[in-house]
Amino acid sequence: MGVPAHRIPALVVGAVIVLSPWIMPVWVVTLLGYIGLNAIVCLGLVLLTGMVGITSFGQAAFVGLGAYVSALCVLGFGVSPWLTLPAALAASGLAGALIGWLTIRLSGHYLVLGTMAWGLGLFYLFGNLQGLGGFNGIAGVPRLEAAGLSLVEPAPFMLLVWAVLAVLLAGTTILINSRAGRAIRALRDPVMVESFGVQSATLKLKVFVVAALFAGLAGWLHAHYLGHVSPSPFGINASVDYLFMAVIGGTGSPAGAVLGPAVVESLRTLLRDAVPALKGVGGNFEAIVFGALVILLLQRASGGLAPYLSRWLPQRPPARAPAMAQPLPRRSLPATGSALLEVRGLGKRFGGLVALQGVSFDIRAGEIVALIGPNGAGKSTLFNLVTGVLPPSEGEVLLQGTRIETRPPRAIAALGVARTFQHVRLRPTMTCLENVAIGAWLRGRSGVLAGALALSRREDAQSLFEAQRQLDRVGLGAQADAPAGSLALGSQRVLEIARALAADPSLLMLDEPAAGLRLQEKQALAALLRELKSQGVTVLVVEHDMDFVMNLVDRVVVLQFGTKIAEGTPDEVRRDPRVIEAYLGGLDD
Amino acid sequence: MNAVAYWSKSRAAHSGSTSPDRGRLNATIATLLVQDGLTSGLIYALLAVSIVLVFLVTRVLWVPAGDMVAFAALTMSLLRQGIAPNTVWLLAGLGLLAVIVQAWRCHRSGEWRSLRGVLLLALLPPLLGYVITRSGLAGAEAPVLVHALITLLLVAPMAPLLYLTAFRPLTEASVLVKLIAAVATHYMLVGFGLLFFGAEGLRTPPFISGRLDVGITTLSWHLLLSLAVSIVMIAALWVFFERTLWGKALRATALNRFGARLVGIRTERAGLLAFGIAGLIGALSGLMIGPIATIYYDSGFLIGLKAFIGVVCAAMASFPVAVLGALAVGVFEAFASFFASALKEAIVFVLLVPILLWRSLTDHSLHGEDD
């Protein structure tokens, strides 16, 4: 069995690095060491910034924590630096958990300012705390030794750093293609992942801690290689450096985390050595060049340099479902005809505006029910109340006898409600298969650690198998490898249905599935829903298009101005004078 | 940039102000501290106004606001010493870059009319500045007002030129991408600052020294002057936004960019104008901060971040709240430096985190995701 083509570039790079102490001058080996050290921090940023979308301007502070804690422990207890690694990791991990717990609550650009504030705060702490040597730092930190050999020389240190980096790169790559990794890559849309049961805040925090741990590990290496720790390499400028490296390399893939530091550190060396004449002028040319490079990349290629490089290299094949896998556990479905969803006197007020008032209706297992009404009737509000996106002002919602109106979306999802979105919420760059697999989140258990250690392989295979099964079911089986964003809108809506089906729901809720579809697409969608009904799936369709639902559903609930004005079979509703008035307008207005 | 030097400098920068030695707080010291705080608070407030304006109109977090302040203070100080400042070269370089970017745009669109305006904005100020500063018209003995005007001429146009080169091509990008670009811009400016101004800190002699005795306490003339300038600036902005068509166009762009475009407002021009005002405010603030603190080429970052605290208090939207928040930061900072001067900067940022939390929890308009 040969090596897969997409692994060849990494293997070649690895081989060159392992051989470099014998084939390259010392300055290159030293440079490689620094590149590897920075890449460890940047890899955390790729996870944090590229995958989750949290831009951190404070990463260097975690590097500093690892370095200071390890240096203090080694000097204080007189033990070998190898023994203080757990302490360094514990410090950066705990600080990451605490800081992350506060920080991920911040929204948008506040979050970025927050990371900046933390970075600065810790920097001043390093400089001012008693016993840390002030801004001059701590000198004489013992170096790393292994089997009587000192790792002070650039070559062994470089090899150590790259060995660590290789392990982290492998773990990260495996992680982002695991069950947890797919959820992590979808975290930029918390509303969507929460509606499939992902605890988005917890998962974000875990990624934050992982990034902090990577940084702490780099700090430990830094302290025991240089033998000296001081605040300045851990200040805001260092944090900006790390982020710039990640942006220049590209935050979309682990390769960017290596490419960025490689480009930046090489350029830095080049600037230092090739332009000595400029040194006398005293300008900070690094800042100018890197700042300009970042702005240019943001303007021209916001994905960084990695996508350019990978265009010429063999691609990693997209995730594929195995031909056979043990099916995921299934929910015991309620008996056909039993009450599945009961809505009792539901109401919602937004300030003085009454969006919904006293709405009651039932859905029995095995039915397709449509909720219709003209624009502004309160359909979407009702949908949001039932799925837990909004809390109701009054009334209750029961799912198989359990009250759910006060529960968050992920708890409602766990009870068997799966939904689609009026405005399609797919991850456009992930494949159709990966998007659908997110739907099966609650049917698996493995987490971040299991994903990184490749312990979730069996479960991953199961959920991909299930995802492929649902894609086949809705007729998109052939598009499994295509990025979801490349599909037409009609197919994207169908893809959302497949994702909801992957959750094995007892109730499928569709929010205006026909909106914006062409006639043919509508017909195909109606055929799919009819087929699902014949398979015993209970469906609530919120629609605005009468024609679409009338030949499809068992019962119709009609809303207008936030109240229920009619309920019955499509024929009854079609003849109801109040419904006719609502849709066609009264004669005597 | 060496962070050790950076920190110790910022401490030195404030030790020269009226902060008394650490001792017991009494009413006299407290009034002095409040005055101290208000003097720097006014600068943060003006900057906060410019940051809110730029953010509302262009969605750019104007991180380099502080750099405008530092460059203006340094330029003014050099002019007062009779030294022709290198700011001219920085401005000329930025101008050249803006012309190249604009020419490229014109080349792409085949429409060359817009180049003329950019040429004027990019080349006239440095040319004028060069002639005045190198011809001896503005030696050390020239009136303060002349020096101040030259400073404004040399520093204020930098902001709109940066808009043309760095931010306009990112108009459609997300807030976070613009933020990273703004940090990169700041980073570059600091690099240029070291190149053009050197590592040494400068202080401007006060415009009016001495204090005014008002019975219960004495007020420094500099505070009164700063107050007057700030009030005039804010009043001018108010008139501009309320009474002029351009001001209204800016407000419309801030409220709804797409809608503004539909009614015929050129939103990119509104962006340029917002940056122009921000540049002017930054340069004015630089004139005001010069006499109360020693300014280095890289002092801008901390000044800007303190203004950001006011901005965050205002949820990036309200001008009056931003002003009040920034004034409070100034006073807080003055008292913090009295009680724990070593941790002064850290304390100010510890203030930022709870405010960020508070805003995130109360501000629901921001929960939309960017990607």
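Keep in mind it's a predicted model, so treat the numbers as computed, not measured.

Conventions we followed
- Residues numbered from 1 in each chain as written.
- Chains lettered and ligands numbered in written order.
- Predicted model: local features only at pLDDT ≥ 70, side-chain atom pairs only at ≥ 80, totals over all residues.
- Heavy atoms only, no water.
- Helix = DSSP H or I, 4+ residues; strand = E, 2+ residues; numbered from the N terminus.
- Buried < 20%, exposed > 50% of the residue type's maximum accessible area, 1.4 Å probe, protein only.
- Contact = heavy atoms within 4.5 Å.
- Buried area = accessible area lost by both parts, 1.4 Å probe.
- Salt bridge = Lys/Arg side-chain N within 4 Å of Asp/Glu carboxyl O.
- Polar contact = N/O pair within 3.5 Å; in protein donor to acceptor, adjacent residues only side chain to side chain.
- Nonpolar A, V, L, I, M, F, W, Y, C, P; charged D, E, K, R; others polar.
- Axes fitted to C-alpha atoms, helices over the stretch in contact; angles between N-to-C directions.
- Parallel < 35°, antiparallel > 145°, perpendicular 65-115°, else oblique.
- Pairing = 2+ DSSP bridges.
- 1 Å grid on protein atoms, 1.4 Å probe; cavity = no way out; pocket = protein on both sides within 12 Å on 5 of 7 lines; lining within 4 Å.
- Points joined across faces, edges and corners; volume = space filled by probe spheres on them.
- Domains from an automatic or database assignment.

Caption draft 1: Region of the structure containing the environment of Arg257 of chain B. Residues and elements named next belong to chain B. Take Arg257: it is sitting in helix H11 (residues 257-262). Classification of Arg257 as partly exposed rests on a relative accessible area of 22%. Taking the C-alpha atoms as reference, Arg257 lies 9.6 Å from Leu56; in sequence the two are 201 residues apart. Setting aside anything within four residues of it in sequence, one finds Arg257 in contact with Val57, Thr58, Thr171, Ala252 and Thr267.

Caption draft 2: Representation of the interface of chain B and chain A. Taken residue by residue, the interface counts 52 residues in chain B and 46 residues in chain A. Both sides together, the interface formed by chain B and chain A hides about 4500 Å², and carbon and sulfur atoms give 77% of it. There are zero salt bridges connecting chain B and chain A. Inspection of the chain B/chain A interface yields three residue pairs in polar contact (both at pLDDT 80 or more). Going through the elements one at a time, helix H1 (3-15), helix H4 (87-109), helix H7 (158-167), helix H8 (175-197), helix H13 (300-313) and helix H15 (344-362) of chain B are the ones with two or more residues in the side of chain B that touches chain A. No other element matches the 15 residues that H8 of chain B contributes to the side of chain B that touches chain A. Split into classes, the residues belonging to the side of chain B that touches chain A amount to 39 nonpolar, six polar and seven charged.

Caption draft 3: Region of interest: the environment of Ser174 of chain B. All names here are of chain B. Residue position: Ser174 is located in the loop between H7 and H8. On the accessibility criterion, Ser174 (16% relative accessible area) is buried. Along the primary structure Ser174 and Ile132 are separated by 42 residues, whereas in three dimensions their C-alpha atoms are 41 Å apart.

Caption draft 4: Local environment of the packing of helix H10 (residues 245-255) of chain B against helix H12 (residues 267-289) of chain B. Residue and element names in this part refer to chain B. Interaxial distance between H10 and H12 falls to 10 Å at its minimum, and their mutual angle equals 105°. With respect to each other, H10 and H12 are oriented roughly perpendicular. Packed against H10, whose contacting residues are Trp246, Leu250 and Thr253, the element H12 presents Thr267, Arg269, Ala270, Leu273, Ala274 and Ile277 at the interface.

Caption draft 5: The sheet that holds strand S12 (residues 539-543) of chain A, seen in detail. All names here are of chain A. Read from one edge to the other, the open sheet built from six strands follows the order S10-S11-S12-S7-S13-S14, with strand pairing classed as mixed. The outermost strands of the open sheet, each flanked by one partner alone, are strand S10 (417-419) and strand S14 (563-568). Ignoring strand direction, the axes of neighbouring strands in this sheet form an average angle of 20°. Bridge count for strand S7 (residues 368-372) against S12 is five bridges, and the pairing is parallel. In the sheet register, Leu371 faces S12, and the bridge partner there is Val542.

Caption draft 6: Looking closely at the pattern of salt bridges. All told, the structure shown has 28 salt bridges over all chains when counted by the stated rule. In this structure, the salt-bridge partner of Arg574 of chain A is Asp571 of chain A, at a minimum N-O distance of 3.4 Å. Taken together, the residues Arg574 of chain A and Asp571 of chain A, both in helix H23 (residues 570-575) and three residues apart, mark about one turn of the helix. Overall, the relative accessible area of 44% leaves Asp571 of chain A in the partly exposed class. The partner of Lys306 of chain B in a salt bridge is Glu333 of chain B, and the shortest N-O contact between them spans 2.6 Å. Here Lys306 of chain B is found in helix H13, whereas its partner Glu333 of chain B is found in helix H14 (residues 319-339), with 27 residues between them in sequence. The pair formed by Lys306 of chain B and Glu333 of chain B is uniform in burial state, with each residue classed as buried. Because the salt bridges share partners, they merge into one network encompassing Glu367, Arg555, Lys564 and Glu567 of chain A.

Caption draft 7: Focus on the environment of Gly250 of chain A. All names here are of chain A. Of note, Gly250 is situated in the loop between helix H10 (236-249) and helix H11 (254-274). It is 5.7 Å that separates the C-alpha atoms of Gly250 and Leu305, two residues lying 55 residues apart in sequence. Setting aside residues up to four positions removed in sequence, Gly250 forms contacts with Val46, Gly256, Ala257, Gly303, Gly304 and Leu305.

Caption draft 8: How the structure looks around empty space enclosed by the protein. Residues and elements named next belong to chain A. Tallied over the entire structure, the rule returns eight cavities of 30 Å³ or more. Quantified by volume, the largest cavity comes out at close to 60 Å³. Contributing to the lining of the largest cavity are Arg179, Arg182, Ala183, Val198, Ala437, Ile438, Ala440, Trp441 and Ser463. Of all the elements in the fold, those that place two or more residues in the lining of the largest cavity are helix H7 (179-185) and helix H17 (432-439). Per-element tally for the lining of the largest cavity: the top contributor is H7, with three residues. Residue classes in the lining of the largest cavity are distributed as six nonpolar, one polar and two charged. Each of two domains, domain 1 (23-236) and domain 3 (421-504), supplies a minimum of three residues to the lining of the largest cavity.

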